[in-house]
Structures are given as C-alpha cells and as structure tokens.
Amino acid sequence: MLFQTKFAALLGFAASAVFAMPDFPGGICTSPLIRKEWRTLTTAEKSSYINAVKCLHTKPGVLAGHPSHDGVTTRYEDFLSEHKLQTPLIHWVGHFLAWHRLMIVRYEKALREECAYNGAQPYWDWSLDALRSNFTESPIFDPVTGFGTNGRWDPDEPHLGPGLTGGGCIYNGPFKDWRIGVMPGAATGMQDPKGCIARDISPIFPQMHLRPDQVAAVNSQETFWDFELYVNGRSMNPEEFGMHIGGHASINGNMSNPYTSPTDPLFYMHHTNLDRVWWNWQKHDSSYRLFETGGTLGPRVMETYNGPPIPGNSTLTTPISLGFLGGDQYSVMAGQVHDIQGRNRKVPGLHPSIKGILCYDYADPPTQ
Ligand SMILES: *[C@@H]1O[C@H](CO)[C@@H](O)[C@H](O)[C@H]1NC(C)=O
Ligand SMILES: *[C@@H]1O[C@H](CO)[C@@H](O)[C@H](O)[C@H]1NC(C)=O
Ligand SMILES: *[C@@H]1O[C@H](CO)[C@@H](O)[C@H](O)[C@H]1NC(C)=O
C-alpha cells in the first residue's frame, strides 16, 4: 500500500486528481501529422529530425532540481527521467501502449515547439531489417544519416545473447558525444558522471522477434488481451520476449534497461513503430477494436517491481499521466488516446466532456 500511495502522490493518481490541461488543443482532427518510416525520409528530413533531438539535449529540463528527478539537467533527460520514475506502473500492464503513445506525442510536440522541427516523429520498421544477413547494416544505424552503430566491444558487459560484439559506448553517429546525467535503472540520489549511450546490437533477437511474418500475425490476435501478450511478450524468457522486448534486446546497452531505455534516441524510433503496430491492429476492425482494452492494471511480469500486487484490469478510464513533463501536471484517461485521429471526438463510455486528444497518422513503410 505504501508503494501505491507513494506513486499515487507523485503522479496525481487519486481519482479526483485527473487533470486534463489543454496540452493538446485544437479542433477536430482534419489534417493529421503524418509519421513516416525512417528510410523514406530525405537526407534533409533525417538531419532536421536528428538536429531537433540534439537540440532537446541542450535546452534546460523543466524537471531539473525536482526531488523525483535526480540527475536531470536537459529537456531530453526530462522524458527519460519521467519514464524511469513511472516504470513500475507502465510496463507489463494493459495501458502500456497507451502510456507510451502519449509520451511519444509529447516528445514530438517538444521537438516541434521547442526545437523548431517541422516534421512528424518518424518510426523504424525493424521488420524490414530483421532478416538481413547483417542487421547492423540497416540504414537506421548509418553513422552519417542515421543514429550511429554499435557500442565498442566491452568484455565486462553481460552480453544478452550470442553473437554480440559491442556493449560499450557508441563511437560514431550524431550521439557519440552525448553525456546523460540520469543514473541507470532505478538508482537515484546523484548525477551520473560518465553516462554515455551504450549499445550491444544483436543479430539474433531481430530474427527471433521482429520478423515480417510476426508483424503480419499481429492482426489475427482477436482480443486486446491476446494482442497485448503477443506484442508485449509473455515473460522475460528470451524465447517469449515478443516484439516490444525483442526490439529493446536487438539494440541492448541502455535500451535493455526497463527504467532508462529512453537514454538512447532509438527508443523513440522503436516505440513509434510499436505504436503503429497497435494502430494497425486497432483499425483492422475499427468498429470493434478501436476502443478495445484490457490487460492487467499492475505489472503481470516482474511482479510490481517489489511492490504489492495492484489488482484489476486496465480500462478506458485508467489514468495516463505525464507527471510534470509539460511544466504543469498533466493526466488524461487511456480512452482519450485510443483513436489517433480522435481529437475533440467523444470516447465511448466516457463522460461527454472528456474527449479524444490526438491528431496524427502513419504513412505505410516502403515495400521490400
Ligand atoms: C556488419 O556490418 C557492420 C557495419 O557495416 C560491420 O561493422 C560488421 O563488421 C559487419 N558484421 C559482419 C559479421 O559482417
Ligand atoms: C548507459 O550505459 C552506460 C554504459 O553502460 C552507463 O554508464 C550509463 O550509466 C547508462 N545510462 C543510463 C541512464 O542508463
Ligand atoms: C482481467 O482480464 C483477464 C483477461 O481478459 C480476465 O481473465 C480477468 O478476469 C480480468 N480481471 C478482472 C479483475 O476483471
């Protein structure tokens, strides 16, 4: 109970404290932002995205100095730290995809409004790369027009899986000199003095979990619960990772840390693709699936990260909180982010004053 109370207080989870600040204003969604696959962007578009991400890491963080956000100094670290703080409440739960959907939308908004980016958040369709003879040759890892490649070989790192050749800090690409002050994992109380971005790219996990036939099989998962298990994985056994953990384990390094995976800007490329996978499932049979929900309210794997169980299932009224990421405390109900073009539209089953907030769409990936 102490655990729940602590987080309830931190996140404004008390039933009376659902704030719907106008963080995403606007009328009905008539001209959605179109999110594109990374390799379909022009070189200029790629570089304007990367420059905006780099810009976020130069702006002062709004959470800097906040007692729950040790180590934060930059705006980029705000998003990382909020994810870290909420990790026990937003993973292995039914509202996992809803929470990350809202996080990405808020990140995209920061890139656009605080760093003069005028595109949409891109996605990385890893299924296009999963069966390459050399996964590391994906354009996403290009040192000039992408996110850079592997980390340096580090024999002391616990290499998660066979065939791994990195584990240390990345040494090329636009983020090679980044220093992140947030401590890894759940650790708090100080600033990380070295904090590079580390990767240990795997040739095995993409073949196991990110294949085109697996993406195609998603839409035949009829219920949200089956879909959630399929995408989010059944357990921490590497055979059962599913495409969420499978994508994290394909990059490894910081990406394999459930708390601080947003250290690596590839986090947003992976999660935006997962969001697209969810959207494709939702629109496959939109009359039934658009507002389908379920799954557990507390983590069904990793217990409750050492806390007591949280009973019940996620619903359309489950609070999705961004904490103080936007400056003011911000929280919506999960149902408000189910329809990605649902801005200002009613949500079935919710009070008529509580409307959808989103306005974006996905362009299809290139055909292989
Ligand atoms: C895979 O490609 C990367 C990047 O081009 C290269 O550094 C690496 O040596 C290649 N690995 C193999 C096994 O060919
Ligand atoms: C990222 O990984 C590096 C290398 O292992 C580590 O020193 C750093 O603390 C990690 N940062 C975070 C925020 O997890
Ligand atoms: C939660 O959902 C699961 C799967 O649909 C179901 O078996 C279970 O009874 C539900 N639990 C509650 C408390 O509604």
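These numbers were taken from a predicted model, which means no experiment stands behind them.

Asks: Explain the overall build of the chain to me, please; I cannot follow it from the model alone.
Replies: Of the regular secondary structure elements, the chain holds 10 helices and six strands. Whereas a compact globule of 368 residues would reach a radius of gyration of roughly 21 Å, the chain reaches 19 Å, a difference of no more than 12%. Its C-alpha atoms give the chain principal-axis dimensions of about 55 × 45 × 40 Å. Taken over 368 residues, the chain has a buried fraction of 49%. Across the chain, every contact between residues at least 6 apart in sequence was considered, and the portion connecting residues at least 24 apart equals 64%.

Asks: Help me out: how do you make sense of the nonpolar core in this one?
Replies: Note that soluble globular proteins tend to have their nonpolar side chains buried in a common cluster. Core analysis: the biggest nonpolar cluster contains 82 residues, and Leu102, Leu111, Ile320 and Val337 have the highest contact counts within it. Mapped by element, the contributors of at least two residues to this core are helix 2 (43-56), helix 3 (75-90), helix 4 (96-114), helix 7 (224-232), helix 8 (242-251), helix 9 (266-284), strand 5 (331-333) and strand 6 (360-362). No other element matches the 11 residues that helix 4 contributes to this core. Every residue in contact with isoleucine 320, bar those within four places of it in the chain, is listed here: His95, Ala98, Trp99, Leu102, Ser331, Val332, Met333, Ala334 and Val337.

Asks: Even after reading the chapter, I still don't get helix 2, so can you show me in this structure?
Replies: The α-helix advances 3.6 residues per turn, and as a result positions three or four apart in sequence lie on the same side. Over its 14 residues, helix 2 runs 20 Å from end to end, which matches the ideal 20 Å to within 8%, given 1.5 Å per residue. Those residues of helix 2 that fall on the buried side of the exposure criterion are Lys46, Tyr49, Ala52, Val53 and Leu56. Down the axis of helix 2, the sector holding all buried residues measures 130°, keeping them to one side. When the buried face of helix 2 is taken as reference, the exposed residues oriented beyond 90 degrees from it are Thr43 and Ala44. On the buried face of helix 2, the contacting elements are helix 3 and helix 4.

Asks: Looking at this structure, I do not really get the site of ligand 1. What am I missing?
Replies: Residues in contact with ligand 1, as listed here, are Asn134, Thr136, Glu137 and Thr149. Broken down by class, the residue content of the shell around ligand 1 amounts to no nonpolar, three polar and one charged.

Asks: Please explain the UniProt feature "domain: Tyrosinase copper-binding" (unreviewed entry) in the chain as it appears in this structure.
Replies: The UniProt record annotates "domain: Tyrosinase copper-binding" (unreviewed entry) at residues 264-275. The annotated region residues 264-275 carries 83% helix and 0% strand content, and the separation between its end C-alpha atoms amounts to 18 Å.

Asks: Looking at this model, I keep getting lost on the confidence of the model for the chain. Mind explaining?
Replies: Chain-level statistics for the chain give a pLDDT mean of 91 and a share of 93% at 70 or above. Overall, residues 1-20 carries pLDDT values under 50, and its contacts beyond four positions in sequence, including any with other chains, amount to 30 contacts.

Asks: I'm lost on the site of ligand 3 in this one. Help?
Replies: Near ligand 3, the surroundings consist of Trp225, Gly294, Gly312 and Asn313. For the shell around ligand 3, a count of residues per class yields one nonpolar, three polar and no charged.

Asks: Sorry, what's going on with the packing of helix 4 against helix 9 here?
Replies: Each packed pair of helices is defined by two parameters, the angle between the axes and the distance between the axes. Closest axis-to-axis distance for the helix 4/helix 9 pair is 10 Å, and the angle between their directions is 125°. On the basis of their axis angle, the class for helix 4 and helix 9 is oblique. Considering how the two elements wind past one another, helix 4 and helix 9 form a crossing that is left-handed. Between helix 4, through Leu97, His100, Arg101, Ile104 and Tyr107, and helix 9, the contact on the second element is made entirely by Tyr268, His271, Thr272, Leu274, Asp275 and Trp278. Across the contact of helix 4 with helix 9, the residue classes break down as six nonpolar, three polar and two charged.

Asks: Even after reading the chapter, I still don't get the environment of arginine 112, so can you show me in this structure?
Replies: Within the fold, arginine 112 resides in helix 4. For arginine 112 and serine 256, which are 144 residues apart along the polypeptide, the C-alpha to C-alpha distance reads 28 Å. If sequence neighbours within four positions are ignored, arginine 112 has contacts with Tyr117 and Asn118.

Asks: When you look at the packing of helix 3 against helix 4 in this model, what are you seeing that I'm missing?
Replies: Following both chains from N to C, one finds helix 3 and helix 4 inclined at 170°, their axes separated by 12 Å at the closest point. As the angle between them shows, helix 3 and helix 4 are arranged roughly antiparallel. Residues Arg75, Phe79, His83 and Ile90 of helix 3 touch helix 4, and the partners they reach there are Phe96, Trp99, Met103, Tyr107, Ala110 and Glu114.

Asks: For this particular structure, what's the right way to read unusual backbone geometry?
Replies: In this structure, alanine 116 is a non-glycine residue whose phi angle is positive, near 55°. Its place among the elements puts alanine 116 in the loop between helix 4 and strand 2 (151-153). Overall, the presence of 11 C-beta atoms within 10 Å leaves alanine 116 in the exposed class. The backbone of asparagine 252 sits at a positive phi, close to 60°, despite the residue not being glycine. Positionally, asparagine 252 belongs in the loop between helix 8 and helix 9. Asparagine 252 sits in the buried class, given 26 other C-beta atoms within 10 Å.

Asks: Explain helix 8 here, please?
Replies: Within helix 8, nine of the 10 residues are buried, which leaves the element mostly enclosed by the surrounding structure. Looking at helix 8, one finds that the buried residues are Met243, His244, Ile245, Gly246, Gly247, His248, Ala249, Ser250 and Ile251. Close packing links the buried residues of helix 8 with helix 5 (204-209), helix 6 (212-218), helix 7 and helix 9.

Asks: Would you take a moment to explain the environment of proline 193 for this structure?
Replies: Positionally, proline 193 belongs in the loop between strand 3 (167-170) and helix 5. You can call proline 193 exposed: it has 9 C-beta atoms within 10 Å. Between the C-alpha atom of proline 193 and that of methionine 183, which follows or precedes it by 10 residues, the distance is 8.8 Å.

Asks: Is there a simple way to think about the environment of leucine 274 in this case?
Replies: Along the chain, leucine 274 falls in helix 9. For leucine 274, a count of 21 C-beta atoms within 10 Å corresponds to the buried category. Between the alpha carbons of leucine 274 and histidine 244 there is a distance of 7.1 Å; along the sequence they are 30 residues apart. Non-local contacts of leucine 274, meaning those with residues more than four positions away in its chain, are made with Leu97, Val231, Met243 and His244.

The rules we used
- Per chain, the residues get numbers from 1 upward, laid out in the order the sequence is written.
- Throughout, the order in which chains and ligands are written sets their labels, letters from A for the former and numbers from 1 for the latter.
- With pLDDT at 70 or above as the cut-off, local features in this predicted model cover only qualifying residues; side-chain atom pairs require 80 or more to be listed or tallied, and sums for whole chains, interfaces and linings still use all residues.
- In DSSP terms, a helix is any run of H or I states spanning at least four residues, a strand is any run of E spanning at least two, and both are numbered starting from the N terminus.
- Atoms counted for the radius of gyration: C-alpha only. Globule rule: 2.2 Å times residue count to the power 0.38.
- Exposed residues have 12 or fewer other C-beta atoms within 10 Å of their own C-beta, buried residues have 20 or more, and partly exposed residues fall in between, where C-beta atoms are placed from the backbone.
- A pair of residues counts as a contact when their C-beta atoms, built from backbone coordinates, are within 7 Å of each other.
- Residues enter a nonpolar core if they are buried, belong to Ala, Val, Leu, Ile, Met, Phe, Trp, Tyr or Cys, and are joined to the set through C-beta atoms within 7 Å.
- Residue count minus one, scaled by 1.5 Å, sets the expected span of a helix.
- Relevant arc is that of directions from the helix axis to the C-beta atoms, nothing else.
- Residues are counted as near a molecule or strand when the C-beta atom, derived from backbone positions, lies within 6 Å of that molecule or strand.
- Gly falls in the polar group here, along with every residue not listed as nonpolar (Ala, Val, Leu, Ile, Met, Phe, Trp, Tyr, Cys, Pro) or charged (Asp, Glu, Lys, Arg).
- UniProt positions are given in the numbering used here, feature names are shortened, and annotations may be inferred rather than shown by experiment.
- One confidence number per residue, pLDDT, is output by the predictor and ranges from 0 to 100.
- Fitted lines through C-alpha atoms serve as axes, helices being fitted only where they are in contact, and the angles separating the N-to-C directions of these axes extend from 0 to 180 degrees.
- Angle categories are assigned with fixed cut-offs, so that under 35 degrees is roughly parallel, over 145 is roughly antiparallel, 65 to 115 is roughly perpendicular, and the rest are oblique.
- Left-handed describes a crossing whose near helix is turned anticlockwise from the far helix by less than a right angle; the clockwise case is right-handed.

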